[in-house]
Amino acid sequence: MQYMLLIYSADDAGPQPGTPEFGKMMQGYMEFNKDATKAGTFVAGQPLQGASTATTLRLRNGRTETTDGPFAETKETLGGYYLLNCDDLDDALGWAAKIPTSEYGSIEVRPVMEIPT
Amino acid sequence: MNDIASAYIVVENIIRKEWGRVLATLIKQFQDFELSEDALQDALLAALSTWPKNGLPDSPAAWLLTTAKRKAIDRLRRARTVREKQGEVLSNMEPEHSFDEEAGEQLDTAIQDERLMLIFTCCHPALPEQARIALTLKSITGMKTSEIARAYLVSEETMAQRIVRAKRKIKAANIPYKVPEGDQLDERLASVLTVIYLIFNEGYSATHGEDLIRRDLCNEAIRLTELLLTLTGDEREVRGLLALLLLHSSRLQARCSINGKLITLEQQDRTLWDRELIKRGLSILITTLTGGKKGKMGAFQIQAAISAAHTAAATYEQTNWREISMLYEKLYKYQPTPVVMLNGAVALSFAYGPNAGLAAIQQIEQEGDLRIYQPFYAAKADMLRRAGRIKEALTNYRKAVELSGNKTERDYLRKRLEQLASKIEQ
């Protein structure tokens, strides 16, 4: 069954780019990708550019409303995602705990809806 | 009461006793909580309509299990869309054991106890805390939804919804029906123990005049812990929890006055403490701490030791606050929460004087998030009072009253407030 892992963190939290800690964190992500691929778990996963690059669109009463920024102003913002193939929730949670950002951010684990064919 | 009615009650009690074990076995087989519970409910109705007339089967558990299995298969067949998973279950079904009622005895011991799996599932951290409590009480102890609702002072509808939503999440998020392994086991066991402790606390906080079923939660919690002890092979932290619950229970009589007023540890009549429960609790704690049991040191063992330290004092004045203070420091390593820090500060203030306690409280104010937590202000107020800083004490007592969500608590705090205010006027 597939799970989406949504990676949230605050701008000022965690290692900042340019620092050795940041390099270590990137290394952690590369290892995660490698391990997840090897285990047959990795389906997809990418980092996103910062929340300041986001644009939100809504269609209301036939008119598009386009605003600058993410859909909601929150301290922690979406930074990336993984789509993983897991046996069950415990399996997915196990992988979530290996994501480097889990140490200073939040990982939302959501099952993908299975649409019967 | 006529014969049929009393037979009915006997049957209900037997079913309640067997409920958890049979349900767990069904869930293991069918891998479906809702289906298993519905099927067992069907079997319950069948039992209620035949046992009072025909007499009890030799093995009620085996009877319930066999009947529930048949009902489950019936339900699966009747379902309009037979999904692939269900098709698998049907085709993988073992050939029906042909056992008659007499052979049922053998089945009793042959039914593998799957309740450990069920407890871990009900207490999964992915479920909201209130749902874990409700699901555990419904599934393992066999309490009825209406009883649980009464115990938690909500409507039956609300409680039923809570349980339904939890079962839906188990299905939708694919929470597995298994005992956690490796790294996850310790953390998940702590989650189970916390649920049981919360159940106990709900009952413990019930006062005289409240529905007796609330008090009964304490007994259910103890029974759950004893069951868990058997299922985990005498795990240390489970023993710690049991010792803690027994020691707390020993004070139930002394804790609440006849008119529902809260009596603090300081004011309790210690002759009302149940010495048998204390003996049992201490015995379990001592054998746990002196080694040989499987598992590790943990928060519940330390909390039990703190409770034991209070119990050892013949009077409040003779309490060994230094020992308790050291135990809280140790507890903080396992439970680094502001609450533990606060309790540690209180113990410190009694061991080394109010100023030591106030210094520790300052640290909490800087680090923790206790600004909405009433006991923080009550504790601070008390220390300020003992330090002779009366005006500040009054301010903090008032804040505590404001934040208190409980009438018994508020009455106690207001009384303190009045006593102090009247002292100033003298």
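Because the structure is a prediction, the values reported are computed rather than measured.

K.L.:
Before we move on, could you go through the overall build of chain A and cite the residues and values that matter?
P.N.:
Counting secondary structure elements, chain A contains two helices and six strands. Secondary structure elements of chain A, listed N to C terminal, follow the sequence β-α-β-β-β-β-α-β. Counting only C-alpha atoms and orienting by the principal axes, one finds that chain A spans roughly 50 × 45 × 20 Å. In chain A, the proportion of contacts linking residues at least 24 apart, taken out of those at least 6 apart, comes to 75%. Carbon and sulfur atoms form 54% of the exposed surface of chain A, whose accessible area is close to 7,800 Å². Side-chain charges in chain A split into 9 positive and 16 negative, and the spacing between the mean points of these groups amounts to 4 Å.

K.L.:
Pulling in residues and values, what's your account of helix α19 (residues 374-386) of chain B?
P.N.:
Residue and element names in this part refer to chain B. The end-to-end C-alpha distance of α19 is 19 Å, a good match for the 18 Å that 13 residues give at a rise of 1.5 Å each. Most of α19 sits inside the fold, with 10 of its 13 residues counted as buried. Positive phi shows up at Gly-388, right after α19, with a value of about 85°.

K.L.:
If you had to explain the environment of Ser155(B) to someone new, which residues and values would you point to?
P.N.:
Residues and elements named next belong to chain B. If you trace the backbone, Ser-155 turns up in the loop between α8 (145-151) and α9 (156-172). Residues Ser-155 and Thr-145, 10 residues apart in the sequence, show an inter-C-alpha distance of 9.7 Å. Among the polar contacts made by the side chain of Ser-155, one reaches the side chain of Thr-158 at a distance of 2.7 Å.

K.L.:
An account of the sheet that holds strand β6 (residues 106-111) of chain A is needed here, citing residue identities and associated values.
P.N.:
Residues and elements named next belong to chain A. Spatial strand order, β2-β5-β1-β6: four strands in an open sheet with antiparallel pairing. Each edge of the sheet is formed by a strand with only one pairing partner; in this case those strands are β2 (42-47) and β6. Recorded for the sheet is a direction-independent mean angle of 20° between the axes of neighbouring strands. Sheet analysis places strand β1 (residues 2-10) next to strand β5 (residues 76-85), joined by nine bridges and oriented antiparallel. For Leu-5, the partnering residue across the bridge sits in β5 and is Tyr-82. Its contacts with the sheet place helix α1 (residues 20-38) against β1, β2 and β5, and it is angled at close to 25° to β5.

K.L.:
A description of the nonpolar core should follow, citing residues and the corresponding values.
P.N.:
Counting residues in hydrophobic clusters, the biggest one holds 120 residues, and the most contacted among them are Leu5(A), Phe33(B), Tyr152(B), Ile199(B) and Leu228(B). In terms of residue count, the dominant contributor to this core is helix α2 (residues 33-54) of chain B (10 residues). If we skip the residues at most four places from it in the chain, Ile199(B) touches Ile133(B), Leu137(B), Tyr152(B), Leu217(B), Ala221(B) and Leu224(B).

K.L.:
Describe in detail the confidence of the model for chain A, supporting the description with residues and values.
P.N.:
Summary statistics for chain A give a mean pLDDT of 94 and a share of 99% for residues scoring 70 or more. Strand β4 (residues 63-68) of chain A is the least confidently modelled element of chain A, averaging 93 in pLDDT, while β6(A) averages 98, the highest of any element.

K.L.:
Residues and numbers for the interface of chain A and chain B, please.
P.N.:
In this complex, chain A contributes nine residues to the contact, which on the side of chain B involves 10 residues. Summed over both sides, the interface between chain A and chain B buries roughly 690 Å², with carbon and sulfur atoms accounting for 51% of that surface. Sorting the residues of chain A by area buried against chain B places Asp88(A), Leu89(A) and Asp90(A) first, and these three jointly supply 68% of that buried surface. Where chain A packs against chain B, one counts two salt bridges. Among the ionic pairs, Asp88(A) bridges to Lys178(B), the shortest N-O distance being 3.4 Å. Taken together, the links from chain A to chain B amount to seven residue pairs in polar contact (both at pLDDT 80 or more). Residue composition of the side of chain A that touches chain B, grouped by class: five nonpolar, one polar and three charged.

K.L.:
Any chance you could break down the pairing of β5(A) for me, citing the residues and the numbers?
P.N.:
Each regular strand displays side chains that alternate between the two surfaces of the sheet. Summarising the sheet, β2(A) and β5(A) pair through five bridges and their orientation is antiparallel. When the sheet's bridge partners are listed, Phe42(A) is paired in β5(A) with Leu84(A).

K.L.:
Which residues make up the pattern of salt bridges, and what values go with them?
P.N.:
All names here are of chain B. With the rule as written, the count across this model stands at 25 salt bridges over all chains. In this structure, Arg-75 and Asp-38 form a salt bridge, with 3.7 Å as the shortest nitrogen-oxygen distance. Here Arg-75 is found in helix α3 (residues 60-78), whereas its partner Asp-38 is found in helix α2, with 37 residues between them in sequence. Here Arg-75 falls in the partly exposed class, since its relative accessible area comes to 28%. Residues joined by salt bridges that share partners form a network here, namely Glu-266, Asp-382, Arg-385, Arg-386 and Arg-416.

K.L.:
Let's hear about the packing of aromatic side chains: which residues, and what values?
P.N.:
Each aromatic ring pair is summarised here by two numbers: the centre-to-centre distance and the angle between the ring planes. This model, assessed by the stated rule, comprises 10 aromatic pairs over all chains. Between Phe32(A) and Trp95(A) the ring centres are 5.6 Å apart and the planes differ by 85°, which places this aromatic pair in the edge-to-face class. In this pair, Phe32(A) sits in helix α1 while Trp95(A) sits in helix α2 (residues 89-96), placing the two residues 63 residues apart along the sequence. An identical accessibility class is assigned to Phe32(A) and Trp95(A); each is buried. When the centroid spacing of 5.8 Å and the interplanar angle of 75° are considered together, the rings of Tyr316(B) and Trp321(B) count as edge-to-face. Judged by its relative accessible area of 13%, Tyr316(B) falls in the buried class. Clustering of aromatic rings is evident, with ring pairs tying together Phe32(A), Phe42(A), Tyr82(A) and Trp95(A). The ring of Trp273(B) carries Arg251(B) above its face, with NZ or CZ at 5.3 Å from the centroid. One cation-aromatic arrangement involves Arg386(B) over Phe350(B); the distance from NZ or CZ to the ring centre is 4.1 Å.

K.L.:
Any chance you could break down unusual backbone geometry for me, citing the residues and the numbers?
P.N.:
Residues and elements named next belong to chain B. For Gln-31, which is not glycine, the phi torsion reads 55° and is therefore positive. When you line up the elements, Gln-31 lands in the loop between α1 (3-30) and α2. Judged by its relative accessible area of 33%, Gln-31 is partly exposed. Of note, Asn-174 is a non-glycine position whose phi angle comes to about 60°, a positive value. Position of Asn-174 relative to the elements: it lies in the loop between α9 and α10 (183-204). For Asn-174, a relative accessible area of 23% puts it in the partly exposed group.

Each value, and the rule that gives it
- Residues numbered from 1 in each chain as written.
- Chains lettered and ligands numbered in written order.
- Predicted model: local features only at pLDDT ≥ 70, side-chain atom pairs only at ≥ 80, totals over all residues.
- Heavy atoms only, no water.
- Helix = DSSP H or I, 4+ residues; strand = E, 2+ residues; numbered from the N terminus.
- Contact = heavy atoms within 4.5 Å.
- Areas by Shrake-Rupley, 256 points an atom, 1.4 Å probe, with all protein chains shown as cover.
- Lys, Arg positive; Asp, Glu negative; His and termini not counted.
- Charge placed at Lys NZ, Arg CZ, Asp CG, Glu CD.
- Expected span 1.5 Å × (residues − 1).
- Buried < 20%, exposed > 50% of the residue type's maximum accessible area, 1.4 Å probe, protein only.
- Polar contact = N/O pair within 3.5 Å; in protein donor to acceptor, adjacent residues only side chain to side chain.
- Pairing = 2+ DSSP bridges.
- Axes fitted to C-alpha atoms, helices over the stretch in contact; angles between N-to-C directions.
- Core = buried A, V, L, I, M, F, W, Y, C linked by side-chain atoms within 4.5 Å.
- pLDDT = per-residue confidence, 0-100.
- Buried area = accessible area lost by both parts, 1.4 Å probe.
- Salt bridge = Lys/Arg side-chain N within 4 Å of Asp/Glu carboxyl O.
- Nonpolar A, V, L, I, M, F, W, Y, C, P; charged D, E, K, R; others polar.
- Phe/Tyr/Trp six-rings, centres within 6.5 Å; stacked < 30°, edge-to-face > 60°.
- Lys NZ or Arg CZ within 6 Å of the ring centre and 35° of its normal.

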